[in-house]
Amino acid sequence: MSSIGFGIDVGGSGVKGARVDLESGEFASERIKILTPRPATPEAVAAVVAQIVEQAGWEGPVGVTVPGVVRNHVVESAANIDASWVGTDARALFSSHLGGREVTVLNDADAAGLAEVTYGIPEASRGPVIFLTLGTGIGSALLIDGRLYPNSELGHLEVGGKEAERRASSAVKERKELSYKQWAKRVDKVLHAYEELFSPELFIVGGGISRKSDKWVPLLTCRTRVLPARLLNTAGIVGAAMAARRGSTR
C-alpha cells in the first residue's frame, strides 16, 4: 500500500489540501489553498474540496476536517461555518462531489492533535495534554497518553463571561489589532481557566500564529508548560490524510 495520503482542512478563512507522506508526516506535494466561500454552506465548501482534489490530480481516498463537532461523519455544530452544516452527513456530501470515492470526515482540531501525537512533539503521547489551534476560533483536542477524547470544543467554554474563542482566537487579535503582549494576556486567561478545570501536563498550541510563538508564548504565566506545535499549521491536513488511511483499511 502506498504511504501517500491526501488530506483537506476546511478552515474559517481557507480550504487547504495536500498529499501527505504518512511515513514522515511531511507534505508530499505543494499545498493548495482556496479561500473559504462566503457563505460557507455545505454545497459551496464541497465544491471547493472537489476543486482542490481535481487540481491535485488525486484519485484515492480523501480525509476532510471541518470546524465543528463530527459524530459518525454527521456535523452537529457550526460555530465558524454556515449554520446549515448542522445535521449534514458530511461524508455523503463530499463523496457525492468526488465521484463516489471514499471520504473520512472529522473535527479539525482532533485531526491536528492526532497528527501532533504521531509526528510532532513526543510529550504529546504521554499523560494528559491539551492541544489548541488558534485561528478563526479556538479548536481543541484532549489527549490522554496519545488517545483522543473527540469533539472537546474547549473554545466555546466561557472564560470571564465570554466564550474563550471570542476572547483569545488569533482572529480576535487581528480584528482588534492587538499587540502580541495584549493578546498574550487574553490567551493566558484562557489557559489559566483550562488549567483549573483539567490539570494538564502540557499545552500544545498550533494554528498559523504558532509560527510566531516566540513573540507570545514566553509572555504566558500559566504554570503548565506551553509548547508550539511542531507541525505548525500543517497538522490539520496531515491528520485528515491519516484518517483517510484508517478509513480505507477498515
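Residues numbered from 1 in each chain as written. Predicted model: local features only at pLDDT ≥ 70, side-chain atom pairs only at ≥ 80, totals over all residues. Heavy atoms only, no water.

Let me state the cut-off plainly: UniProt positions are given in the numbering used here, feature names are shortened, and annotations may be inferred rather than shown by experiment.
Where an unreviewed UniProt entry is consulted, the chain appears under the name ROK family protein, with the organism given as Corynebacterium mastitidis. Of the chain, the UniProt comment under Sequence similarities (unreviewed entry) reads exactly: "Belongs to the ROK (NagC/XylR) family."

**What about the sheet that holds strand S14 (residues 202–206)?**
Formally: Note on pairing: DSSP must find at least two bridges between two strands before they are called paired. Numbered from the N terminus, helices here are DSSP runs of H or I no shorter than four residues, and strands are runs of E no shorter than two. In this analysis an axis means a line fitted to C-alpha atoms, helices contributing only their contacting stretch, and an angle means the value between N-to-C directions, from 0 to 180 degrees. Throughout, a contact is declared for two residues whenever any of their heavy atoms are within 4.5 Å.
Across the sheet, which stays open at both edges, the five strands sit in the order S11-S10-S9-S14-S15 with mixed pairing between neighbours. Pairing within the sheet leaves two strands with one partner each, and these edge strands are strand S11 (147–149) and strand S15 (225–228). For this sheet, the mean angle separating the axes of adjacent strands, direction not counted, is 30°. Pairing between strand S9 (residues 128–134) and strand S10 (residues 138–144): seven bridges, direction antiparallel. Across the sheet, residue Leu132 finds its bridge partner in S10, namely Ser140. Across the sheet, helix H3 (residues 108–119) is in contact with S9, S10, S11 and S14; its angle to S10 comes to roughly 45°. Where helix H6 (residues 180–198) meets the sheet, its contacts fall on S9, S10, S14 and S15, and the angle it forms with S9 comes to roughly 150°.

**Brief notes about the packing of aromatic side chains**
Threshold: Note on aromatic pairs: the rings of Phe, Tyr and Trp (six-membered ring only in Trp) are paired at centre separations within 6.5 Å, and the planes decide the class, stacked below 30 degrees, edge-to-face beyond 60, tilted for the rest. For the exposure calls, accessible area comes from a 1.4 Å probe over protein chains only, and a residue counts as buried if that area is under 20% of its type's maximum, exposed if over 50%, partly exposed in between. Here, a charge over a ring is recorded when the distance from Lys NZ or Arg CZ to the ring centre is within 6 Å and its angle to the ring normal is within 35 degrees.
With the rule as written, the count across this model stands at three aromatic pairs. Judged by centre distance (5.6 Å) and plane angle (20°), the rings of Phe6 and Trp58 are stacked. Of this pair, Phe6 sits in strand S1 (residues 4–10) while Trp58 sits in the loop between helix H1 (42–56) and strand S5 (62–66), and the two are 52 residues apart along the sequence. The residues Phe6 and Trp58 share a single accessibility class, namely buried. Ring plane angle 40° and centroid distance 6.0 Å describe the contact between Trp85 and Phe94, whose orientation is recorded as tilted. Assigned by exposure class, Trp85 and Phe94 land together as buried. Geometry around Tyr180 places Lys173 over its ring, the cationic atom sitting 4.1 Å from the centre.

**Here we look at H6**
Convention followed: Helices are assigned an expected span. That span is 1.5 Å times one less than the residue count.
Helix length check: H6, at 19 residues, gives a terminal C-alpha distance of 26 Å against a target of 27 Å (1.5 Å per residue), a fit within 8%. Every buried residue of H6 is listed here: Tyr180, Trp183, Ala184, Val187, Asp188, Val190, Leu191, Ala193, Tyr194 and Glu195. Against the buried residues of H6 lie S9, strand S12 (158–159), helix H4 (164–168), helix H5 (170–176), S14 and S15. One or two positions beyond H6, positive phi appears at Ser199, with a value near 50°.

**Things to note about the pattern of salt bridges**
We apply this condition: Should a side-chain nitrogen of Lys or Arg be within 4 Å of a carboxyl oxygen of Asp or Glu, the pair is scored as a salt bridge.
Under the definition given, this model contains four salt bridges. Taking the shortest distance from any N to any O, the salt bridge between Glu123 and Arg225 comes out at 3.5 Å. With Glu123 in the loop between H3 and S9 and Arg225 in strand S15, this pair connects stretches of sequence that are 102 residues apart. Owing to a relative accessible area of 22%, Glu123 belongs among the partly exposed residues under this scheme. With a shortest N-O distance of 3.6 Å, Arg223 and Glu195 are connected by a salt bridge. With Arg223 in the loop between S14 and S15 and Glu195 in helix H6, this residue pair connects regions lying 28 residues apart in the sequence.

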